[in-house]
Amino acid sequence: MIRTSIQAEGLITNADYESDTRASSCSTVLVRMDTKTGQIDFTTHCANSNFSWRQRVNLLEWKTLPEEELEKIKTFQEAKAQFPEIKNMDIEVSCNCPHALYSGSLFNLNVLDADDTTLPRYTNAPAPEVRPPDKNDKERNHILCKHMISVIRNFLLK
Ligand SMILES: [Zn+2]
């Protein structure tokens with residue numbers, strides 16, 4: 001699982017090419033949006049592995065939208081139509097797949113983002129990952145799993 005806080009566009013800009021390409025084998029469905037909190041849940045099925053994983057997106061600035069307008073919103077589609085600005089909100093994202101653990105993402109986010117505010121950060125790892133992913137990510141460019149890339153491309157940025 002990985003949590004980051006950055007705009008969706010920024011996350012995609014930082015996604016590595018390999019994961020971005022693999023995301024085309026994913027099919028993502030919207031499960032629900034909690035329109036009180038701005039929390040959105042998705043399920044993504046990977047055709048290659050035949051596994052399904054759950055993704056969660058928190059719109060961090062959801063509560064800054066006018067309350068009387070928010071009360072009318074029932075679905076994610078309505079939210080997007082009513083508030084196009086949610087595309088540009090800072091988000092937290094998470095996926096329950098093991099990518100972050102084995103791909104090098106946790107190390108990359110822990111080490112590489114120390115001084116770089118343009119990179120996303122993870123906040124819920126039990127301890128900072130200090131073992132370099134010399135085998136799985138020599139280039140040190142893994143950040144997002146393909147499931148999350150699929151969510152962002154097909155729902156948040158569309
Ligand atoms: Zn994932």
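Residues numbered from 1 in each chain as written. Predicted model: local features only at pLDDT ≥ 70, side-chain atom pairs only at ≥ 80, totals over all residues.

## Re the overall build of the chain
Scanning the chain from terminus to terminus reveals 7 helices and 5 strands. The order of α-helices and β-strands along the chain, N terminus first, is β-α-α-β-β-β-α-α-β-α-α-α. Within the chain, buried positions represent 35% of all 158 residues. (Helix = DSSP H or I, 4+ residues; strand = E, 2+ residues; numbered from the N terminus. Buried ≥ 20, exposed ≤ 12 C-beta atoms within 10 Å, placed from the backbone.)

## Topic: helix α7 (residues 146-156)
Burial analysis of α7 places 8 of its 11 residues in the buried class, the great majority of the element. By the burial criterion, the buried members of α7 are K146, H147, M148, I149, S150, V151, I152 and L156. The inward-facing, buried residues of α7 abut α1 (8-14), α2 (17-22), β2 (26-34), β3 (39-46), β4 (52-59) and β5 (90-95). (Contact = placed C-beta atoms within 7 Å.)

## A word on the pairing of β4
A one-sided burial pattern is seen for β4, the buried positions being W53, Q55, V57 and L59 and the unburied ones S52, R54, R56 and N58. Two elements, β3 and β4, share 7 bridges in a ladder whose sense is antiparallel. The residue bridging H45 from the neighbouring strand is S52, located in β4. The antiparallel hairpin formed by β3 and β4 contains 5 residues in its connecting segment, where N50 sits at a positive phi of about 60 degrees. Looking at chain direction, β4 and β5 are connected through 5 bridges and run antiparallel. Bridging from a neighbouring strand, V57 pairs with V93 of β5. (Pairing = 2+ DSSP bridges.)

## Comments concerning the nonpolar core
Core analysis: the biggest nonpolar cluster contains 32 residues, and V57, L144, C145, M148, I149, V151 and I152 have the highest contact counts within it. Within the residue set of this core, elements represented by two or more residues are α1, β2, β3, β4, α4 (76-82), β5, α6 (105-112) and α7. The biggest single contributor to this core is α7, with 5 residues. (Core = buried A, V, L, I, M, F, W, Y, C linked by C-beta atoms within 7 Å.)

## Some remarks on the environment of A47
For A47, the position within the fold is in the loop between β3 and β4. On the basis of neighbour counts, which here come to 10 C-beta atoms within 10 Å, the residue A47 falls in the exposed class. For the pair A47 and S25, spaced 22 residues apart in sequence, the C-alpha to C-alpha distance is 5.6 Å.

## Here's the deal with the environment of L65
Relative to the elements of secondary structure, L65 occurs in the loop between β4 and α3 (67-70). Dropping the residues within four chain positions of it, L65 is found in contact with L70 and F83.

## A short note on unusual backbone geometry
Its identity as a non-glycine residue notwithstanding, N50 has a phi of 60 degrees, on the positive side. As for its position among the elements, N50 is in the loop between β3 and β4. According to the C-beta neighbour criterion, N50 is exposed, with 7 such atoms within 10 Å. Positive phi, normally seen in glycine, also occurs at R140, with a value near 60 degrees. Along the chain, R140 falls in the loop between α6 and α7. Here R140 falls in the partly exposed class, since 15 other C-beta atoms lie within 10 Å of it.

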